[in-house]
Amino acid sequence: MTKVSSDEITAELRKNIYEGVLASGVALKQEDLAEKFGVSRIPIREALKRLEAEGLVQHELNKGTVVASHSISEVIEMLDIRIGLETRALQLAIPNLDKQHLDRCEAILARYDGASKPSVWSALNLEFHLTLYSAANKPRLIKMIEDLVLGMQRYTRIYISHTLGREQPQKEHYELLETLRRGDAEKAISLLEEHIARTQEVILASQDD
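All values reported here derive from a predicted model rather than from experimental measurement.

Enquirer: Break down the overall build of the protein chain for me, citing the residues and quoting the values.
Expert: A tally of regular secondary structure across the protein chain gives 9 helices and 2 strands. Each helix and strand of the protein chain, placed in order from N terminus to C terminus, yields the pattern α-α-α-β-β-α-α-α-α-α-α. If you line up the protein chain on its principal axes, its C-alpha atoms span 55 × 45 × 30 Å. Buried residues in the protein chain amount to 43% of all 209 residues. Summing over all exposed atoms, the protein chain offers an accessible surface of approximately 11,500 Å²; the carbon and sulfur share of this is 51%.

This is the structure in structure tokens:
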């Protein structure tokens, strides 16, 4: 039997947290995880330390390690960080964008149009944005954006999948893409900021209901 590494354990737990399989506040007991993965507690402890460093789990008194939760204000702040990182990534990408690159982005949106599940919309939304920014040739920046978006999806999906649906985000994606094809960099960056800020508005509005 192949021994499961701490890297593999970390990756599976991270995926389960991102996808909401492990919800906020769920306790992650070392002995239970060791039994599940068929390993000693050592790789489990290593995996949990890494997830804690990523902000995905936290240690609570009398409960041990649990899946981290974020307040609305924290989610709003994370979206502010996204605006900063993603507008910079787009700014750096724009000089390298050509028709072929933008065509690849449009092909992702076509798949988005044909998808019916919110979980697929989230995946294609991220793929569209990361493909767009990849022209910046800044892999560390792109990875920071990816990790931030994935870490937020379990929160934002709750608020926006039924409120915004697919039509409004897609309309904004196509408008952004068309603006980039016209070569209007300043307008494109402004549209991207508005696009992410729209999620903030929806989340804040949901608190007033």
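Past the structure itself, the notes keep going.
Enquirer: Give a description of the side chain of Thr-65 that names residues and reports values.
Expert: Structurally, Thr-65 can be placed in strand S2 (residues 64-67). Beyond its immediate sequence surroundings of up to four residues, Thr-65 is in contact with Val-26, Ala-27, Leu-28, Leu-48, Val-57, Gln-58 and His-59.

Enquirer: Before we move on, could you go through the pattern of salt bridges and cite the residues and values that matter?
Expert: Within the structure shown, the criterion is met by 10 salt bridges. Between Lys-36 and Glu-12 there is a salt bridge; the shortest N-O distance is 3.8 Å. Within this pair, whereas Lys-36 is found in helix H2 (residues 30-37), its partner Glu-12 is found in helix H1 (residues 6-18), the two being separated by 24 residues in sequence. The exposure class assigned to Lys-36 is exposed, which follows from its relative accessible area of 52%. Taking the shortest distance from any N to any O, the salt bridge between Asp-147 and Lys-143 comes out at 2.8 Å. Note that Asp-147 and Lys-143 are positioned in helix H7 (residues 139-160) at a spacing of 4 residues, about one turn of the helix. Asp-147 sits in the partly exposed class, given a relative accessible area of 33%.

Enquirer: Could you give me a rundown of the environment of Asp-184, with the residues and numbers involved?
Expert: With respect to the secondary-structure elements, Asp-184 resides in the loop between helix H8 (167-182) and helix H9 (185-206). Judged by relative accessible area, Asp-184 falls into the partly exposed class, the value being 32%. Considering only alpha carbons, one finds Asp-184 and Gln-30, 154 residues apart in sequence, at a separation of 53 Å.

Enquirer: Lay out the pairing of strand S1 (residues 57-60) in plain terms, naming residues and giving numbers.
Expert: Of the pairings in the sheet, the one linking S1 to S2 comprises 4 bridges and is antiparallel in character. Bridge pairing in S2 places Gln-58 opposite Val-66.

Enquirer: How would you summarise the nonpolar core if you had to cite specific residues and measurements?
Expert: Across soluble globular proteins, you tend to see nonpolar side chains buried next to one another. Counting 60 residues, the largest nonpolar core has Leu-132 and Leu-176 as its most contacted members. Residue contacts for Leu-176: discarding those within four places in its chain leaves Leu-90, Phe-128, Leu-132, Ala-188, Leu-191 and Leu-192.

The rules behind each value
- Residues numbered from 1 in each chain as written.
- Predicted model: local features only at pLDDT ≥ 70, side-chain atom pairs only at ≥ 80, totals over all residues.
- Heavy atoms only, no water.
- Helix = DSSP H or I, 4+ residues; strand = E, 2+ residues; numbered from the N terminus.
- Buried < 20%, exposed > 50% of the residue type's maximum accessible area, 1.4 Å probe, protein only.
- Areas by Shrake-Rupley, 256 points an atom, 1.4 Å probe, with all protein chains shown as cover.
- Contact = heavy atoms within 4.5 Å.
- Salt bridge = Lys/Arg side-chain N within 4 Å of Asp/Glu carboxyl O.
- Pairing = 2+ DSSP bridges.
- Core = buried A, V, L, I, M, F, W, Y, C linked by side-chain atoms within 4.5 Å.

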